[in-house]
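Observations on chain architecture
Now for the letters of each chain:
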Amino acid sequence: MKYPCVEIDINKIRHNARYVVDYCGKNGIEVMGITKGICALLPVVMAMLDAGVKKLGDSRLHNIEALRKAGFEVPIYLIRIPMLSEVRDAVHLADGSLNSEVGVIKALAHEAQAIGKIHKVILMVDVGDLREGVMPEDVLDVAGQIIGCPGVEFEGLGTNLGCYGGILASYENTKVLVDLAADIEKRYGIKVKTLSGGNTATLALLEKGELAPGINQFRIGEAILLGTDETNSRNVPGTLQGTMKLKAEVIEVKTKPSLPIGEVGRDAFGNVPVFEDKGLMKRAIVALGKQDCRIEGLRPLDETIEILGASSDHMIIDVTKRSKIETGDVLEFGMNYGAMLSLMTSKYVDKITLC
Ligand SMILES: *Cc1c(COP(=O)(O)O)cnc(C)c1O
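Residues numbered from 1 in each chain as written. Predicted model: local features only at pLDDT ≥ 70, side-chain atom pairs only at ≥ 80, totals over all residues. Heavy atoms only, no water.

1. Some words on the domain arrangement of the protein chain
Cut-off, in case you're wondering: Residue ranges for the domains originate in an automatic or database domain assignment. Any two residues whose heavy atoms approach within 4.5 Å at even a single point are treated as in contact. Whenever Lys or Arg places a side-chain nitrogen within 4 Å of a carboxyl oxygen from Asp or Glu, that contact is recorded as a salt bridge. Here a polar contact is taken to be a pair of N or O atoms separated by no more than 3.5 Å, where protein atoms must pair a possible hydrogen donor with a possible acceptor and residues adjacent in sequence count only if both atoms sit in side chains. Segments assigned H or I by DSSP are reported as helices when at least four residues long, segments assigned E as strands when at least two residues long, and all are numbered from the N terminus. Each residue receives one of three labels: charged for Asp, Glu, Lys and Arg, nonpolar for Ala, Val, Leu, Ile, Met, Phe, Trp, Tyr, Cys and Pro, and polar for the others, Gly being one of them.
What the domain assignment lists for the protein chain is domain 1 (10–235) and domain 2 (244–354). Distance between the C-alpha centres of domain 1 and domain 2: 36 Å. If you look at the interface, domain 1 gives 13 residues, while domain 2 gives 11 residues. In this assembly, domain 1 and domain 2 are joined by 0 salt bridges. There are 1 residue pair in polar contact (both at pLDDT 80 or more) connecting domain 1 and domain 2. Going through the elements one at a time, helix 1 (10–26) and helix 9 (222–225) are the ones with two or more residues in the side of domain 1 that touches domain 2. In terms of residues, the side of domain 1 that touches domain 2 owes the most to one element, helix 1, which gives 3 residues. Split into classes, the residues belonging to the side of domain 1 that touches domain 2 amount to 8 nonpolar, 2 polar and 3 charged.

Here it is as structure tokens:
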């Protein structure tokens with residue numbers, strides 16, 4: 001086996017996807033399976049579809065292109081509002097996209113018309129997280145500019161919470177979407193089909209019975225891929241964790257002081273490091289670093305060891321309490337969303353799917 005590698009338990013992910021699809025389904029909510037966290041790795045995407053996911057979303061056209069090349073025929077949405085420079089590819093590759101800029105939507109419409117397609121538009125509303133979206137007071141006007149625009153279909157409204165501003169979903173902020181949809185239906189005499197009310201973090205609101213009725217779509221990545229909900233600091237009930245494991249190989253084991261020796265300058269990333277003097281320490285280095293992984297998001301599966309830090313290619317571990325360790329040993333780590341994202345993106349990390 002080649003190291004470092006991420007081992008992915010496809011059965012666990014399939015279980016999670018099935019659970020989320022069933023749970024949301026019972027509540028009248030369809031699940032768009034979000035594939036960006038695993039760079040649209042095909043066996044994982046297949047597990048999502050096996051489990052009943054009927055729509056996919058990804059933030060990168062690069063990933064959507066790979067899904068198209070693999071022959072998936074389900075609707076796929078671009079979930080990062082498109083760059084003007086990618087409008088053409090977006091129309092060719094994706095069935096729809098999340099949007100917040102009229103100029104971009106007009107460009108999508110133009111391109112779609114040129115090739116005889118209808119591109120679906122979900123208009124994003126910013127209900128407080130202050131990432132993407134039109135402010136609520138502007139939605140009626142902007143919707144009016146999209147409705148009736150040839151080449152695009154105004155499919156509905158969407159919102160995103162708990163990502164940038166860390167704002168939690170609530171009855172009040174999801175209700176904003178439902179009320180705006182009612183206003184649009186009344187004013188323009190159309191049916192607003194989709195109300196895409198959130199992501200993994202919004203599942204908690206549904207569990208508490210506090211989701212505004214009318215929301216009928218969630219875009220779910222983390223709960224399926226990791227069984228966690230970072231925004232609410234919890235595991236998602238009904239899902240399995242430990243879906244992915246990082247394995248890295250030990251390349252040095254030595255007893256060294258815990259305090260570096262000599263005059264302190266900056267580390268390789270421009271920070272002035274601060275260390276605690278714990279006396280002599282047995283330290284191991286594994287061959288993996290910040291170029292591959294957001295190290296803060298790793299957690300050793302062996303609880304006797306502790307990650308001290310890393311440079312670009314080396315991660316340093318306190319193994320003083322571990323009974324036996326030598327070069328060539330393989331250490332295992334669990335991960336959060338940020339660590340998963342970086343590991344999956346690194347071409348230096350092997351991805352192994354276990355079925
Ligand atoms: C990443 C993303 C999601 C998925 O979020 P999870 O927390 O992984 O469920 C949903 N919507 C948008 C717009 C995203 O960028």
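Next comes the rest of the description.
2. What about the environment of Met135?
Here Met135 shows up in the loop between strand 6 (119–124) and helix 6 (139–146). A sequence separation of 139 residues divides Met135 from Val274, and the C-alpha atoms of the two residues are 43 Å apart.

3. Considering the packing of helix 1 against helix 2 (residues 42–50)
As a reminder, the rule being used: Only the contacting stretch of a helix is used when fitting its axis, a line to C-alpha atoms as for every element, and angles between N-to-C directions run 0 to 180 degrees. Handedness of a helix crossing follows the sense of rotation of the near helix relative to the far helix, less than a right angle counterclockwise being left-handed and clockwise being right-handed.
One can describe the packing of helix 1 onto helix 2 by two numbers: an axis separation of 8 Å at closest approach and a directional angle of 35°. The handedness of the crossing between helix 1 and helix 2 comes out as right-handed. Contact residues: Ile10, Ile13, Arg14, Ala17 and Arg18 in helix 1; Pro43, Val44, Ala47, Met48 and Asp50 in helix 2. Tallied by class, the residues present in the contact of helix 1 with helix 2 amount to 7 nonpolar, no polar and 3 charged.

4. Some words on the site of the ligand
Using the following cut-off: Nearness is judged by heavy atoms alone; a residue qualifies as near a molecule or strand once a single heavy atom is within 4 Å of it. Accessibility throughout is a Shrake-Rupley quantity obtained with a 1.4 Å probe, and a residue counts as covered only by protein chains that appear here.
Inspection of the region around the ligand gives 14 residues, with Lys36, Thr200, Arg219, Gly221 and Glu222 positioned closest. Between an oxygen atom of the ligand and a side-chain N or O atom of Arg131, the distance comes to 3.4 Å. At a separation of 3.4 Å, a nitrogen atom of the ligand approaches a polar side-chain atom of Asn160. Compared with its free state, where it exposes 390 Å², the ligand has 92% of that area covered by protein. Per-class residue counts for the shell around the ligand are 5 nonpolar, 4 polar and 5 charged.

5. Overview of the pattern of salt bridges
Oppositely charged side chains can form a pair if their charged atoms are brought close together. Enumeration according to the criterion identifies 19 salt bridges in this entry. A salt bridge links Lys175 to Asp179, with the nearest nitrogen and oxygen atoms 2.8 Å apart. Remark: Asp179 and Lys175 occur in helix 7 (residues 171–188); sequence separation between them is 4 residues, near one turn of the helix. When the shortest N-O distance is used, the salt bridge between Lys245 and Glu332 registers 3.6 Å.

6. Topic: the nonpolar core
Grouped burial of nonpolar side chains is what soluble globular proteins tend to show. The criterion, for reference: To qualify as a nonpolar core, a set must consist of buried Ala, Val, Leu, Ile, Met, Phe, Trp, Tyr and Cys residues joined through side-chain atoms within 4.5 Å. Whether a residue is buried, partly exposed or exposed follows from its accessible area with a 1.4 Å probe, protein chains only, as a fraction of its type maximum: under 20%, in between, or over 50%, in that order.
Core analysis: the largest hydrophobic core is formed by 96 residues, its most contacted members being Leu157, Leu298 and Met335. The biggest single contributor to this core is helix 1, with 7 residues. Domain assignment of the residues forming this core places at least three in each of domain 1 (10–235) and domain 2 (244–354). Every residue in contact with Met335, bar those within four places of it in the chain, is listed here: Val6, Leu226, Met244, Lys245, Leu246, Gly297, Leu298, Arg299, Met340 and Leu343. With 7 residues, the next largest nonpolar core counts Ile34, Tyr77, Ile79 and Met124 among its residues.

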